[in-house]
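Coordinates in review
So the chains spell out like this:
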Amino acid sequence: MMHVALLSVASAVPPHILIQDEAKALARRLFGHRLPHFERLAPIFGNAGIAKRHVAQPLDWYERPQGWEARNAAYVEAGEALYVEAASAALAKAGLHADEVDTLVTVSTTGVATPSLEARVSSRMGFRADAKRVPIFGLGCAGGVTGLATAARLARAQPGETVLFVTVELCSLSMRLDVLSKANIVATALFADGAAACVLRCGEGGGLARIGEGSEFLWPDTLGIMGWSVDDTGLGVIFDRAIPPFVAANLAGGIDTLCRNIGIARGDIGRFICHPGGAKVIAALEESLGLGTGTLDHERAVLHNYGNMSAPTVLFVLERALAMDLPERALLLSLGPGFTASALEIGRP
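Residues numbered from 1 in each chain as written. Predicted model: local features only at pLDDT ≥ 70, side-chain atom pairs only at ≥ 80, totals over all residues. Heavy atoms only, no water.

Before going further, it helps to examine the UniProt feature "domain: Chalcone/stilbene synthase N-terminal" (unreviewed entry) in the protein chain. The UniProt entry lists residues 69-200 under the feature "domain: Chalcone/stilbene synthase N-terminal" (unreviewed entry), expressed in the numbering used here. Secondary structure within residues 69-200 divides into 44% helix and 20% strand; the distance between the first and last C-alpha atoms comes to 35 Å. (UniProt positions renumbered as here; feature names shortened; annotations may be inferred. Helix = DSSP H or I, 4+ residues; strand = E, 2+ residues; numbered from the N terminus.)

Each domain of the protein chain was delimited in the assignment, giving domain 1 (3-203) and domain 2 (209-347). Placing the centre of domain 1 and that of domain 2 at their C-alpha centroids yields a distance of 17 Å. Contact between domain 1 and domain 2 buries roughly 4000 Å² in total, counting both sides, with carbon and sulfur atoms accounting for 66%. Our enumeration of links across domain 1 and domain 2 arrives at 3 salt bridges. One salt bridge in this structure joins E213 and R156, with 3.9 Å as the shortest N-O distance. (Domains from an automatic or database assignment. Buried area = accessible area lost by both parts, 1.4 Å probe. Salt bridge = Lys/Arg side-chain N within 4 Å of Asp/Glu carboxyl O.)

This next bit is on helix α5 (residues 68-94). For α5, which comprises 27 residues, the first-to-last C-alpha distance of 38 Å matches the rise-based estimate of 39 Å (1.5 Å per residue) to within 8%. The first or second residue beyond α5 is G95, which carries a positive phi of 70°. (Expected span 1.5 Å × (residues − 1).)

On inspection of all chains with the given rule, the structure shows 9 aromatic pairs. Pairing F191 with W228 gives two aromatic rings, centres 6.3 Å apart and planes at 70°, and the pair type is edge-to-face. With a gap of 37 residues between them, F191 in the loop between α9 (182-190) and β7 (193-202) and W228 in strand β9 (residues 226-231) connect regions that are remote in the sequence. For F191, a relative accessible area of 6% corresponds to the buried category. Both rings, one in F217 and one in W219, keep their centres 4.9 Å apart while their planes meet at 80°; by these two values the pair is edge-to-face. What makes W219 buried here is its relative accessible area of 9%. Among the aromatic residues, those joined into a ring-pair cluster are F217, W219, F246 and F339. The ring of Y306 has K52 sitting right over it, with the charged end atom 5.2 Å from the ring centre. (Phe/Tyr/Trp six-rings, centres within 6.5 Å; stacked < 30°, edge-to-face > 60°. Buried < 20%, exposed > 50% of the residue type's maximum accessible area, 1.4 Å probe, protein only. Lys NZ or Arg CZ within 6 Å of the ring centre and 35° of its normal.)

Looking now at the packing of helix α11 (residues 279-288) against helix α12 (residues 297-306). Taken N-terminus to C-terminus, the directions of α11 and α12 make an angle of 175°; their axes are 10 Å apart at the nearest point. Taken as axis vectors, α11 and α12 run roughly antiparallel relative to one another. Residues A279, I282, A283 and E286 of α11 form the contact with α12, whose own contacting residues are E299, R300 and L303. Counted by class, the contact of α11 with α12 contains 4 nonpolar, no polar and 3 charged residues. (Axes fitted to C-alpha atoms, helices over the stretch in contact; angles between N-to-C directions. Parallel < 35°, antiparallel > 145°, perpendicular 65-115°, else oblique. Contact = heavy atoms within 4.5 Å. Nonpolar A, V, L, I, M, F, W, Y, C, P; charged D, E, K, R; others polar.)

Let us now look at the sheet that holds strand β6 (residues 162-170). Strand pairing within a sheet occurs via backbone hydrogen bonds; the two strands may be parallel or antiparallel. Sheet architecture is open: 9 strands sit in the order β5-β4-β6-β7-β1-β8-β13-β12-β11, paired in mixed fashion. Taken across any chain shown, the strands that pair with only one partner, and hence form the sheet edges, are β5 (132-136) and β11 (271-274). Strand after strand, the sheet turns through a mean of 25° between neighbouring axes, direction not considered. Pairing geometry for strand β1 (residues 4-12) and β7, over 8 bridges, is antiparallel. (Pairing = 2+ DSSP bridges.)

Another aspect to go through is unusual backbone geometry. A cis amide bond links T114 with the next residue in sequence, P115, at an omega value of 10°. Position of P115 among the secondary structure elements: in the loop between β4 (103-107) and α6 (117-120). Look at the link from G338 to F339: it is a cis peptide, with omega at -5°. The phi torsion at S310 lies on the positive side, around 65°, for a residue other than glycine. Position of S310 among the secondary structure elements: in the loop between α12 and α13 (313-323).

Under the counting rule described, the total for this entry stands at 0 disulfides. The thiol of C259 is unpaired, and the distance to the nearest cysteine sulfur, on C274, comes to 12 Å. In this structure C259 comes out as buried when scored by relative accessible area, which is 4%. On the basis of relative accessibility, which here comes to 0%, the residue C274 falls in the buried class. (Disulfide = S-S within 2.5 Å.)

A separate point is the pattern of salt bridges. Counted under the stated rule, the structure contains 21 salt bridges. A salt bridge links K93 to E319, with the shortest nitrogen-to-oxygen separation between them at 3.7 Å. Here K93, found in helix α5, pairs with E319, found in helix α13; they are 226 residues apart in sequence, far enough to count as distant. On the basis of relative accessible area, K93 is assigned to the exposed category, the value being 53%.

What follows is the structure, given as C-alpha cells:
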C-alpha cells in the first residue's frame, strides 16, 4: 500500500465565545419557566466537562425564534468563513497555494448548501476550475474520521495529487426554543461550532504523519439513537437512547471488527485519538477500550475548551496529539449517526 502523507492539520472557530455558566443561565431563561423538570436537568451543564465554546452567532440570536430560512442563511455565511479560515491555514502550513489542490473533500451535516461550501468559496480561495469536488452530507460526529479516510483513499488512488479535506459544523444553529425535551437541553449544554482542514498527498514520505486504512461499523437497528429531525423550524437533535451506556456495552466488539478490517491488532495501537462527544462519552470510551481513567487527556482538554463541534472535534484532538509526538501507530475513532463507529489508522511517517 502506498504511503499517504498528512502534510498539515489546521482548525478554526467562530468569534463568539459562550462560557458554560452563561449557557446554563441562557437555558434557564429560555426553558426554566416552560419545562417543569428543568432544574433536574440543569446539572448537565456543570457535568459536561466544558468551560467554554465558540458559536456562530451573538448570544441574543439564540434567544429569538429562528426559522429554517434564517438558520440555514446563518449556516452558509458562517460555514463559508470557517471553511476559508481552516483551509487557508492548512494550505499555508503545508507550504501550498489553493491552485495546487487537485481534489476537495468537504464534510458538513449541520446545514444545506447547494452549491456546496467548497464551490461557494472557490473564487475567494483561488481553487482551480478543474479541481475535483467531493461534498459529503449526513455523517454527523463520525464525519471527521470518515471524511479523512475518504480523502486518504482518493489520495492513494491519485499518487502525486494534492487532496484538501475540510469539515465544517455549526451545531449551535440547531438549538431550538420550541422543543421542550431532555435531548434539546443536552444539545444546548454540549454543542459548539468549528472547522478543521487537512492536506494529504500520496507517493512521497515525510509529512506530519502516515495515514493508513480506515473502516466503519454500523450496528443493526440503531438508526434512532442519534441524528437530526427536520421540520419547518429547522434541524432538531435526536438522542433517542442514552449514548454512553450503549458505547460502554457495545463498542468493544465493534473495535475488534474495525481492527480486523484495517489489518491491525488492538495491542499494536499506541494511542486512541477519539471524538469527545461529552464527558460521559469519554468515560464510556475509556471503559470499553480498556483504558485507564484519564487516559483520553487530549479529548478532555478539547472538550473543555471547545465543546462538541461534531465532525471537526476529533481533528482538534489530532492536532494536540501531533504536537505531543504521535506513537508508531494510533487509531482515530469517532462515533456518529447510524449508529456508526468510524476508525482510521494513523502513525509516524
